[in-house]
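Structural overview
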Amino acid sequence: MSGRSALDAYADGKAWWETSISEIRRNSIVIRGYPIQELIGNVSYSQMLYLLLCGEIPGERKARLFESVLVAGADHGPRAPSIAAARMAATCGISFNSCVATGINMLGDVHGGAVEKAMKLFYETASEADEAGLADEAVVRSRFEAMMGRKEKIAGIGHQLHDDDPRVTRLRELSGPLIAEGEISGRYLEIAEAYRLALEQRLGKKVTLNIDGISAAVQCELGLPAEAAKGVFALSRGMGIVAHAFEEWMSGVLIKGPCPNRDDLVRYTGPSARQLEKAGEGSV
């Protein structure tokens, strides 16, 4: 972002809104230069999303790989805060679209932000290697040690539930033929694996890429911008949010809080019982 005000830009001769994405006129809709009627029925959802974001239509094989990322991240049950929030909102009787929005609004840097962080790390690693004329593995080792020194977490590695995530395995399998045939380079998948291996060796125990790590590597292979990752994940997880919110909304159950009404789940940690002092008797 330039930080310039809209009025300054407008005063310099720019239109109030400028977009290279779409041109909408009476009886005409053009997306990135393509008439909408030519896109409808001829491009997939993932091709359309890529076109909107990146300006070009990817080939069918790349588009299917991108779509596989969207499918892989669609749902992780009520363990996921976004799903739980959408379901809890549904029990409060608000409109269905508001339930969905509640879940989407839970996605941010902590829940849903690891893909962006991992993509930035992978892109920066490759860029540094190219600029310095070094092997990717050498840059991985250097950046890994620096991150460990700062006690930074490496995004995209490790999972509290899965130690052999089927989503990761499947996305690797789908990427393999595209690497072999030159559709994608495989470079970012190798960089992701190098970070995983470095952490595994440091900890002395098995660690795995998680869905964020493999999704980040695949999206880097496809040339998607890291800054768009949270939006892409919102579209992916949005499918699960819609389904879970609808299921809960249709159940008719009301006011389901974040946890059952049990004393061991909610614990008060404030002052012990005390009396309100009367005015003039030592109140602060």
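Check the entry above for the structure.
I will try to describe carefully the structure that is included in this document. These numbers come from a predicted model, not from an experiment. (Residues numbered from 1 in each chain as written. Predicted model: local features only at pLDDT ≥ 70, side-chain atom pairs only at ≥ 80, totals over all residues. Heavy atoms only, no water.)

Once that is clear, we can look at the sheet that holds strand 3 (residues 34-35). Read across the open sheet, the three strands follow the order 1-2-3; overall the sheet is antiparallel. Only two strands of the sheet have a single partner each, and these edge strands are strand 1 (22-25) and strand 3. As defined by bridge partners, strand 2 (residues 28-31) adjoins strand 3 across two bridges and the pair is classed as antiparallel. The residue of strand 3 that forms the bridge with I31 is Y34. (Pairing = 2+ DSSP bridges. Helix = DSSP H or I, 4+ residues; strand = E, 2+ residues; numbered from the N terminus.)

On to the packing of aromatic side chains, then. The final tally for this structure, using the stated rule, is five aromatic pairs. Ring centres of F96 and F246 lie 5.8 Å apart, and the angle between their planes is 80 degrees; on these two criteria the pair is classed as edge-to-face. Placement of F96 in helix 6 (residues 96-104) and of F246 in helix 12 (residues 229-251) is noted, with a sequence separation of 150 residues between them. Relative accessible area serves as the criterion here: at 42%, F246 is assigned to the partly exposed category. Relative to Y188, the ring of Y123 has its centre 5.4 Å away and its plane inclined at 75 degrees; by these criteria the two rings are edge-to-face. Note that Y123 is positioned in helix 7 (residues 114-132) and Y188 in helix 10 (residues 187-203), a separation of 65 residues in sequence. Y188 sits in the buried class, given a relative accessible area of 15%. Site record: aromatic cluster; members linked through ring pairs are F96, F246 and W249. (Phe/Tyr/Trp six-rings, centres within 6.5 Å; stacked < 30°, edge-to-face > 60°. Buried < 20%, exposed > 50% of the residue type's maximum accessible area, 1.4 Å probe, protein only.)

This part takes up the side chain of E116. Turning to its location among the elements, E116 is positioned in helix 7. You can call E116 buried: its relative accessible area is 12%. One polar contact links E116 to K230, side chain to side chain, over a distance of 2.6 Å. Look past the residues within four positions of E116 in its chain and what remains in contact with it is A226, E227, A229 and K230. (Polar contact = N/O pair within 3.5 Å; in protein donor to acceptor, adjacent residues only side chain to side chain. Contact = heavy atoms within 4.5 Å.)

A few words on the pairing of strand 2. Bridging between strand 1 and strand 2 involves four bridges; their strand directions are antiparallel. The partner of S22 across the bridge, within strand 2, is I31. Two successive antiparallel strands, strand 1 and strand 2, enclose a turn made up of two residues, where N27 displays a positive phi of approximately 60 degrees. The hairpin formed by strand 2 and strand 3 contains two residues between the paired strands, and R32 there has a positive phi angle of roughly 50 degrees.

Below, the discussion takes up the side chain of E248. The topology assignment puts E248 in helix 12. In this view, E248 contacts R87, A90, T91, V253 and K256; residues no more than four positions away in its chain are not counted.

What follows covers unusual backbone geometry. For K151, which is not a glycine, the phi torsion comes out positive at approximately 60 degrees. Positionally, K151 belongs in the loop between helix 8 (136-149) and helix 9 (166-180). Look at K151 and you get exposed, because its relative accessible area is 79%. If you check the backbone angles, I255 has positive phi at about 50 degrees while not being a glycine. For I255, the position within the fold is in the segment after helix 12. Taking the relative accessible area as the measure of exposure, I255 reaches 65% and is therefore exposed.

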